[in-house]
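Here are the chains, one letter per residue:
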Amino acid sequence: MPRSDRATTPPLRERSRRHSWVRVFLPVALILVWLAGASFGGPLFGKVDEVSSNDQTTYLPESADATQVQELLGEFRDSDEIPAIAVFTSETELTDAEIAAITDAVADTPSLDGIGEDVSPALVSDDGLAVQAFIPISGDAEVKDVTVELGDELRAAAPDGVSVYITGPAGFTADLAAGFAGIDGLLLGVALLAVLVILVLVYRSLLLPLVVLSTSLFALCVALLVVWWLAKFEILLLSGQTQGILFILVIGAATDYALLFVARFREELRIAEDKGTAVMAAWKGSFEPIVASGGTVIAGLLCLLLSDLKSNSTLGPVAAIGIVFAMLAALSLLPTLLLLFGRAVFWPRRPRFEPEVVAEEHGMRTTGLWARLARLITRRPRVIWIVTTLVLLAGAAGVTQLNAVGVPQSDLVLGASEARDGQAALGEHYPGGSGSPAYVIVAEDSLQDAAEVLLANDGVDSVAVTASDSPSGSANVTSDGIVAVGPPGTPAPDPTVVDGDVLLQATLSDAADSDAAAETVRSLRTELTDVDALVGGVTATAIDTNDASIHDRNLIIPVILVVIMLILMLLLRSILAPVLLILTTVLSFGTAMGVSALVFNGIFDFPGADPAVPLYGFVFLVALGIDYNIFLMTRVREESMEHGTREGVLRGLSITGGVITSAGLVLAATFAALSVIPILFLVQLAFIVAFGVLLDTFVVRSLLVPALAYDIGKRIWWPSKLWRRGSD
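Conventions adopted
Residues numbered from 1 in each chain as written. Predicted model: local features only at pLDDT ≥ 70, side-chain atom pairs only at ≥ 80, totals over all residues. Heavy atoms only, no water. 1 Å grid on protein atoms, 1.4 Å probe; cavity = no way out; pocket = protein on both sides within 12 Å on 5 of 7 lines; lining within 4 Å. Points joined across faces, edges and corners; volume = space filled by probe spheres on them. Helix = DSSP H or I, 4+ residues; strand = E, 2+ residues; numbered from the N terminus. Nonpolar A, V, L, I, M, F, W, Y, C, P; charged D, E, K, R; others polar. Salt bridge = Lys/Arg side-chain N within 4 Å of Asp/Glu carboxyl O. Buried < 20%, exposed > 50% of the residue type's maximum accessible area, 1.4 Å probe, protein only. Patch = residues over 30% accessible without salt bridge, like charges linked within 9 Å, V, L, I, M, F, W, Y side chains within 5 Å. Areas by Shrake-Rupley, 256 points an atom, 1.4 Å probe, with all protein chains shown as cover. Lys, Arg positive; Asp, Glu negative; His and termini not counted. Charge placed at Lys NZ, Arg CZ, Asp CG, Glu CD. Pairing = 2+ DSSP bridges. pLDDT = per-residue confidence, 0-100. Contact = heavy atoms within 4.5 Å. Axes fitted to C-alpha atoms, helices over the stretch in contact; angles between N-to-C directions. Parallel < 35°, antiparallel > 145°, perpendicular 65-115°, else oblique. Left-handed = near helix turned anticlockwise from the far one by under 90°. Phe/Tyr/Trp six-rings, centres within 6.5 Å; stacked < 30°, edge-to-face > 60°. Lys NZ or Arg CZ within 6 Å of the ring centre and 35° of its normal. Core = buried A, V, L, I, M, F, W, Y, C linked by side-chain atoms within 4.5 Å. Expected span 1.5 Å × (residues − 1). Arc of directions from axis to C-beta. Polar contact = N/O pair within 3.5 Å; in protein donor to acceptor, adjacent residues only side chain to side chain.

1. What to know about empty space enclosed by the protein
Evaluated as defined, the whole model comprises 5 cavities of 30 Å³ or more. One number sums up the size of the largest cavity: a volume of about 90 Å³. For the largest cavity, the lining is made up of 15 residues, of which G168, F172, Q423, S436 and A512 are closest to its centre. Sorting the residues of the lining of the largest cavity by element identifies α6 (168-179) and α16 (418-429) as the ones contributing at least two each. Split into classes, the residues belonging to the lining of the largest cavity amount to 6 nonpolar, 8 polar and 1 charged.

2. Brief notes about the pattern of salt bridges
In total, this model carries 13 salt bridges according to the counting rule given. The partner of R270 in a salt bridge is E354, and the shortest N-O contact between them spans 3.0 Å. Placement of the pair is R270 in the loop between α9 (240-269) and α10 (275-302) and E354 in the loop between α12 (315-341) and α13 (355-361), with a sequence separation of 84 residues. The same class applies to R270 as to E354, namely buried. Sharing partners across several salt bridges, the network here consists of D65, R525 and D544.

3. Some thoughts on a negative patch on the surface
A grouping of E444, D445, D449, E452, D480 and D494 is seen on the molecular surface, where their side chains present a negatively charged patch. Secondary-structure assignment places E452 in helix α17 (residues 447-456).

4. A word on the pairing of strand β1 (residues 82-89)
Burial analysis of β1 places 6 of its 8 residues in the buried class, which makes it a mostly covered element. Bridge analysis of β1 against strand β3 (residues 130-137) gives 8 bridges, and the strand direction is antiparallel. If you follow T89 over to β3, its bridge partner there is A130.

5. Observations regarding the environment of V69
In this fold, V69 is placed in helix α3 (residues 65-76). Note on V69: relative accessible area 1%, which makes it buried. Each C-alpha atom of the pair V69 and G536 lies 5.4 Å from the other, and the pair is 467 residues apart in sequence.

6. Digging into the confidence of the model for the protein
In this model, the protein carries a mean pLDDT of 86, and residues with pLDDT of at least 70 account for 92%. Note that residues 1-18 has pLDDT below 50 and, in this model, 5 contacts with residues that lie over four places away or in other chains.

7. Details of the packing of helix α21 (residues 612-643) against helix α23 (residues 680-712)
Contact geometry of α21 with α23 gives a least axis separation of 9 Å together with a crossing angle of 30°. Between α21 and α23, the interaxial angle falls into the category roughly parallel. Crossing geometry of α21 relative to α23 is assigned as right-handed. Residue-level contacts link A612, V613, Y616, G617, F620, L621, G625, Y628, N629, L632 and M633 of α21 to F681, Q684, L685, I688, V689, G692, V693, D696, T697, R701, V705 and P706 of α23.

8. Re the packing of aromatic side chains
Inspection of every chain in the model, using the stated rule, returns 16 aromatic pairs. A centroid spacing of 6.4 Å and a plane angle of 85° characterise the contact between F604 and F687, whose relative ring orientation is edge-to-face. Taken together, the positions of F604 in the loop between α20 (576-602) and α21 and F687 in helix α23 put the pair 83 residues apart, joining distant regions of the chain. Through pairs of rings, three or more aromatic residues link up here, namely F600, F604, F606, F687 and F691. Note that R646 overlies the ring of Y710, its terminal NZ or CZ placed 5.5 Å from the centroid.

9. Regarding the sheet that holds β1
In space, the 4 strands of this open sheet follow the order β2-β3-β1-β4, with antiparallel pairing throughout. For this open sheet the edge positions go to β2 (123-124) and β4 (163-167), each flanked by a neighbour on one side alone. Pairing of β2 with β3, which is carried by 2 bridges, proceeds in the antiparallel orientation. Bridge pairing links V124 to V131 in β3. Against the sheet, α6 engages β1, β3 and β4, with an angle of about 100° to β1.

10. A look at the nonpolar core
Among the nonpolar cores identified, the biggest contains 162 residues, and Y257, L301, Y616, F620, M633 and F671 are the most heavily contacted of them. Ranked by residue count, the leading element in this core is α23, at 19 residues. Excluding anything up to four places from it in sequence, L301 contacts L249, G316, A319, A320, I323, V619 and F620. By size, the runner-up hydrophobic cluster in this structure holds 31 residues, among which are L447, V460, V502 and A540.

11. Some remarks on a nonpolar patch on the surface
A surface patch of nonpolar side chains, about 270 Å² in accessible area, is lined by V28, L32 and L35. With respect to the helices, strands and loops of the structure, V28 is situated in helix α2 (residues 12-41).

12. Here we look at helix α18 (residues 515-527)
In an α-helix, one full turn covers 3.6 residues, which means residues spaced three or four apart are oriented alike. Helix length check: α18 (13 residues) gives 18 Å between terminal C-alpha atoms against 18 Å at 1.5 Å per residue, within 8%. The complete set of buried residues in α18 reads A517, A518, T520, V521 and L524. Burial along α18 is one-sided: seen end-on, the buried residues are contained in an arc of 160°. With respect to the buried face of α18, the exposed residues turned more than 90 degrees away are D515, E519 and T526.

13. Things to note about the packing of α18 against helix α19 (residues 538-572)
Contact geometry of α18 with α19 gives a least axis separation of 9 Å together with a crossing angle of 85°. One finds that α18 runs roughly perpendicular with respect to α19. Of the residues in α19, those touching α18 at A517, A518, V521, R522 and R525 are T539, A540, I543, D544 and D547. Among the residues making up the contact of α18 with α19, the classes are represented as 5 nonpolar, 1 polar and 4 charged.

14. Notes on the environment of S574
Structurally, the position occupied by S574 is in the loop between α19 and α20. Put simply, S574 and I248 are 326 residues apart on the chain and 33 Å apart in space, counted from C-alpha to C-alpha. For S574, the contacting residues outside a window of four places in its chain are M569, I716, W717, W718 and P719. Within polar-contact distance, the side chain of S574 engages the backbone oxygen of I716 at 3.1 Å. A polar side-chain atom of S574 sits 3.1 Å from the main-chain carbonyl oxygen of W718.

15. Examining α20
Between the first and last C-alpha of α20 there are 39 Å, a value that for 27 residues agrees with the 39 Å anticipated at 1.5 Å per step. Summarising burial for α20: 19 of the 27 residues are buried, a large majority.

16. Quick look at the side chain of S654
Mapped onto the fold, S654 is located in helix α22 (residues 645-672). At 3.1 Å, the side chain of S654 forms a polar contact with the backbone oxygen of R651.

17. Let's talk about the environment of I567
Within the element layout of this structure, I567 appears in helix α19. Each C-alpha atom, one on I567 and one on T296, is 6.8 Å from the other, the two residues being 271 residues apart in sequence. Beyond its immediate stretch of four places on either side in the chain, I567 contacts G295, T296 and A299.

18. Observations concerning a positive patch on the surface
A cluster of basic residues, R372, R375, R379 and R380, forms a positive patch at the surface. One can find R380 in the loop between α14 (369-379) and α15 (381-396).

Pasting the structure below:
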């Protein structure tokens, strides 16, 4: 070495001290950064409801009629109160004394916290067996708590033998709030416990599962911190549904990425005595598949931004943020913890330093389940992939039985529902749409024409117009004109006019969330075209939500397929392999949906499914399911470059089989945890994704893809260099 070089090069001992200092400082700094993020994000688990909303109109496109009507309603009303309907029923005709007691109880409700002053009089049904009253709940109150207190007070004051129900928009809002109440505690606890049990059984270690779960939990805390503040500043919208999916997605994805890294780390410990060397080698080997896998999921999720429905378009970035932190935790926090613990993390089954054994194995174990499966594929590859394909196609045939056109609001919450029971009782004694009218905004000079159209429809029971100078706040509209609500002879009030428009309220003959009510609203929108009216309300909101969801499903699914295929082409440097992987994943999705449809109809007897269920199922099954193909095929490609394609397929399967199966079990378990939340949408999504992931793990990735790749040989890499120069 020239003298000048020797003079400027630090002594070996000094370089060693500097290297050791970096190896100590960097892990400590990384752990402190993640610990700080988790300490700020952790306390937000109980505060998500402060920045979230479950109001359907919040998520509708701005151009939807129901959205425009909802925005204009505030100009016709003095508040944003949510109506609750108190229903009193008796098996015998109510006496005057009982009606008087009910009337007094209703009149006293404004004394309760969260109850507005404009409580309607008690209205006795024509058959004398029921009484209903409209009780407004303040928009800034905790609807669930106020509804429960209101029900308790009215039941305590009701005469003996009289049943009391709280239903209407406030009742169903309270049901949803109660259904989502377990997201912060129950859902997270069940998911973490399921993952912990699986990891302990797989690794038979005590410390490693805790390290992996810590990585996932820290990723979730930091992701929640970012999402919470973005929602706080109204950059993102959050709902209970989005919150639950975020929790499950981050826990599942972060654990999967961690398992891939741990498996690579364990491999490297067998050929590297130094734990730092093993961590760095594992990081290099895991970086590409983890980033490719996470990037695929993120790309699929961001395709949801094309959605008209804001509940879909906001889920995309929220979930994508979660995946980003899942990747970061797996590639920074986890390696740091593994560097800290070294081989001790696997105690009591520490991997040995045995490079001579690895050399004898040529990098591939020759015993065990996956080695036997690899040998089976070498004997009958074509038979295996053809039979597997036919079985999957048979399962996919059940998709024709899937009823994903929407479900009534009363069926959104599973289990007991006071609001559902109250709506049924209301429909027995009053028009089915009582308390949840269709709102029609029309120009003042077209008021009578619009009213006549409404009254001529068999699905409309009565029509009222908002009138601020009326004691009840409204006046009836008949074919002869406006008439007062009150004692005979009371002069008809003038309707409230806002910018030349008036607000009509049409009470429907059928329950607001029924198919018959939906048909009525659709026909009214057609019939009111000549008077340029907007129709909104509970029924119209459900219609516009379903229509937007179906539009999103038909648009986004093809886009996701194209995006993921392009990513796979870049990753595998091939065209044929990505096309085949996409086809196998779509086949797996079809089978999962087909079997789910049969289970939903034949076993659980569900009333149907939301149109978004197939879309969400597709996003998660395709985006996450392709992960396992990425884990498998990136390793197959790596082995094929050295050993040839067919040998590479066998090596890739035997090496990744255990870790991918463990990852699939973890992901299926975390999504299955969604079923503890008694919301129909989440229970259905939990089954579809959990079953689909298991199907993809044990059938598609273990049998179909390896057998197909082995049968095709090096042509699967067409048109890359590996196809031209490689061997079978």
